[in-house]
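Chain and residue survey
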Amino acid sequence: MNTNPVFSLSIPTKIMFGCGEIKNLATETLPGNKAMIVISAGNSMRKYGYLDKVINLLKENDVDAIVYDKILPNPIKDHVMEGAAICREMKCNMIIGLGGGSTIDSAKSIAVMACNDGDYWDYIQGGSGKGRPVTKALPVIAIPTTSGTGTEADPWTVITNMEKNEKIGFGCKHTFPVLSIIDPELMVSIPPHLTAYQGFDAFFHAAEGFIANCATPISDLYALEAIRLLYKYLPVAVKDGRNLKARAKVAWASTLAGMVESTSSCTSEHSMEHAMSAYYPELPHGAGLIAISEAYFETFKNDCMKRYMKMADVMTQQKSNRPSDFIDALVRMQKECNVYGIKLSDWGLKKEDFPKMVNNAKDTMGGLFTLDPRPITYDEILAIYEKSYK
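The structure reproduced in this document is the subject of the present report. (Residues numbered from 1 in each chain as written. Predicted model: local features only at pLDDT ≥ 70, side-chain atom pairs only at ≥ 80, totals over all residues. Heavy atoms only, no water.)

Section: the overall build of the protein
Here is the rule we go by: Runs of E in the DSSP output that reach at least two residues are strands. Runs of H or I that reach at least four are helices, and both are numbered from the N terminus. Within these notes, the globule rule equals 2.2 Å times the number of residues to the 0.38 power, and the radius of gyration is based on C-alpha atoms. Only protein chains enter the accessibility calculation, which uses a 1.4 Å probe; a residue is then buried when its area is under 20% of its type maximum, exposed when over 50%, and partly exposed in between. Here, two residues are considered to be in contact whenever any of their heavy atoms come within 4.5 Å of each other. Where accessible areas are quoted, they stem from the Shrake-Rupley method and a 1.4 Å probe; at the residue level, only the protein chains shown are allowed to cover. Charge assignment: positive for Lys and Arg, negative for Asp and Glu; neither His nor the chain ends contribute. Where a charge lies is defined by one atom per residue type: Lys uses NZ, Arg uses CZ, Asp uses CG and Glu uses CD.
In terms of helices and strands, the protein carries 13 helices and 8 strands. Here the C-alpha radius of gyration of the protein, 20 Å, is about what a compact globule of 390 residues would show, namely 21 Å. Its C-alpha atoms give the protein principal-axis dimensions of about 60 × 45 × 45 Å. Among the 390 residues that make up the protein, the fraction classed as buried is 59%. Put simply, 78% of the contacts in the protein that link residues at least 6 apart link residues at least 24 apart. Accessible surface, the protein: about 15400 Å² in total, of which carbon and sulfur atoms supply 50%. Within the protein, one finds 41 positive and 44 negative side-chain charges whose respective centroids are separated by 3 Å.

Focus: the packing of helix 6 (residues 217-239) against helix 11 (residues 324-336)
Our working rule: Helix axes are fitted to C-alpha atoms over the stretch in contact, other axes to C-alpha atoms as well, and angles between N-to-C directions run from 0 to 180 degrees. Should an angle fall under 35 degrees it is taken as roughly parallel, and over 145 as roughly antiparallel, whereas 65 to 115 is taken as roughly perpendicular and any remaining angle as oblique. Handedness of a crossing follows from how the near helix is turned relative to the far one, being left-handed for an anticlockwise turn of less than a right angle and right-handed for a clockwise one. Here the term charged refers only to Asp, Glu, Lys and Arg, the term nonpolar to Ala, Val, Leu, Ile, Met, Phe, Trp, Tyr, Cys and Pro, and the term polar to all other amino acids, Gly among them.
With their axes 9 Å apart at the nearest point, helix 6 and helix 11 run at an angle of 15° to one another. Of the possible angle classes, the one that applies to helix 6 and helix 11 is roughly parallel. Note on packing geometry: the crossing formed by helix 6 with helix 11 is right-handed. Contacts between helix 6 and helix 11 involve Leu230, Tyr231, Leu234, Pro235 and Lys239 from the former and Ala329, Arg332, Met333 and Glu336 from the latter. Of the residues belonging to the contact of helix 6 with helix 11, the class tally is 6 nonpolar, no polar and 3 charged.

Details of unusual backbone geometry
Residues other than glycine seldom take positive phi values, yet lysine 91 does so here, at roughly 55°. Looking at the secondary structure, you find lysine 91 in the loop between helix 3 (77-89) and strand 4 (94-99). A positive phi angle, close to 60°, is found at glutamine 317, a residue other than glycine. Within the secondary structure, glutamine 317 sits in the loop between helix 10 (305-316) and helix 11.

Quick word on the packing of aromatic side chains
Our working definition: When the centres of two rings from Phe, Tyr and Trp lie within 6.5 Å, Trp using its six-membered ring, the rings pair. Their planes under 30 degrees apart give stacked, over 60 give edge-to-face, and anything left gives tilted. Criterion for a charge above a ring: Arg CZ or Lys NZ at most 6 Å from the ring centre, at most 35 degrees from the ring normal.
This structure, assessed with the given rule, holds 16 aromatic pairs. An angle of 85° between the planes, with centres 6.1 Å apart, marks the rings of tyrosine 120 and phenylalanine 170 as edge-to-face. Of the two residues, tyrosine 120 is situated in the loop between helix 4 (101-113) and strand 5 (140-144) and phenylalanine 170 in strand 7 (residues 166-170); the sequence distance between them amounts to 50 residues. With relative accessibility at 7%, the residue phenylalanine 170 sits in the buried group. Both rings, one in phenylalanine 203 and one in phenylalanine 204, keep their centres 5.6 Å apart while their planes meet at 85°; by these two values the pair is edge-to-face. The residues phenylalanine 203 and phenylalanine 204 share a single accessibility class, namely buried. Here a set of aromatic residues connected by ring pairs shows up, and it is made of Phe200, Phe203, Phe204, Tyr296, Phe297, Phe300, Tyr308 and Phe326. Geometry around tyrosine 340 places lysine 335 over its ring, the cationic atom sitting 5.1 Å from the centre.

Re the pairing of strand 7
Using the following cut-off: When DSSP locates at least two bridges between a pair of strands, those strands are taken to pair.
Counting buried residues in strand 7 gives 4 out of 5 residues, a clear majority hidden from the surface. Looking at chain direction, strand 6 (residues 157-161) and strand 7 are connected through 5 bridges and run antiparallel. Residue pairing in the sheet places threonine 157 in a bridge with phenylalanine 170 of strand 7. Adjacent in sequence and paired antiparallel, strand 6 and strand 7 are bridged by 4 residues, among which asparagine 165 carries a positive phi angle near 55°.

Examining the pairing of strand 2 (residues 34-40)
Regular strands place their side chains on alternate faces of the sheet. Of all 7 residues making up strand 2, 6 are buried, and the element is well covered by its neighbours. By the bridge criterion, 6 bridges tie strand 2 to strand 3 (residues 64-71) in an arrangement that is parallel. Each bridged residue has a counterpart across the sheet, and for serine 40 the counterpart in strand 3 is isoleucine 71. Two strands pair when backbone bridges link them, and strand 2 and strand 4 are joined in this way by 4 bridges, in the parallel orientation. Bridge assignment links valine 38 to a residue of strand 4, and that residue is glycine 97.

A few points about the nonpolar core
Within soluble globular proteins, side chains that are nonpolar tend to cluster in buried spots. As a reminder, the rule being used: Buried Ala, Val, Leu, Ile, Met, Phe, Trp, Tyr and Cys residues form a nonpolar core when they are joined through side-chain atoms within 4.5 Å.
Ranked by size, the top nonpolar core spans 71 residues in total, and within it Phe200, Phe203, Phe297, Tyr308, Met311, Phe326 and Tyr385 carry the most contacts. With near-sequence residues (within four places) excluded, phenylalanine 200 lies in contact with Leu234, Ile290, Leu330, Met333, Gln334, Cys337 and Val339. By size, the runner-up hydrophobic cluster in this structure holds 30 residues, among which are Met36, Ile66, Tyr68 and Ala107.

Just geometry here; none of it tells us what the structure is for.
The structure is reproduced here in structure tokens:
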């Protein structure tokens, strides 16, 4: 970060945080009277009663709703386009993303395409996207039931174009949620391994945002507190998913990490993982990040030593003397969450895939490489993949 930074802050999202806060959906002034509720293709939103709860609260607020329920863990462009067409046909005037980051991201993208013509990839920057400007979008309400992406507090949405093997993040001022309700009581049903994957996604949003060359004093505040909370409470939430204190701390850390995304940025670790799950969409985003994280952060440990030591300080609550203390703490945290030593081969990845993944990462999300602590070479990127492979 520059010694005398110049920065701005605009996160135009109303955040309502806390156990039981979902009830505000019945009384809050909402930006429309007919909602499309976007949920995943899985059964958890219905199984645990979250969907019925939201529909009933909306009814109390005189809001009608329809449901779009096809979203995949790595969401795809086809569903964005289909959801937007249904949204227009049914004359919905707001979108509610209910579930994990994939559904809220999809809600944002559907909100864009409900108001703009052509194909979603016409508006994407990077890869084969055409980079057209987005002039408007339907208002989005985010109701996360997981803690990881922080998409409730940032404008970003990550969608995969299956035809092109391109998984690209996109966002603008129109894709910030107008309202986000973060209720930890909706998160107690997440199984341990997904709690860990999602929590580490939030952790890397914060850690990457802290070492990014565009970090600001405000993003540093958000990042260090998110890192501290996740190191302390994510292992607790993994071991006991019904521990509401731990769930709330992890949920708040995830939202803080989303604010990091709005005031700093991810670095190339995210570009590298997007290339992995673009080719292997069954690979959970958080698992991919965990798998490459040790080798990735080793690459930059001598380039921002004080920042590594500061992250280690807040994690261990002890004074750090070397940048490797951060990597040691990261490995310890992964072991405590039972996700250390993830085998990428379990999701079908092969060593011979790595060169095309390097090119994909640079071609589709090359912008994040410009925000690394220093420029990283092709050989270094390839080495990170190779060192991480099991």
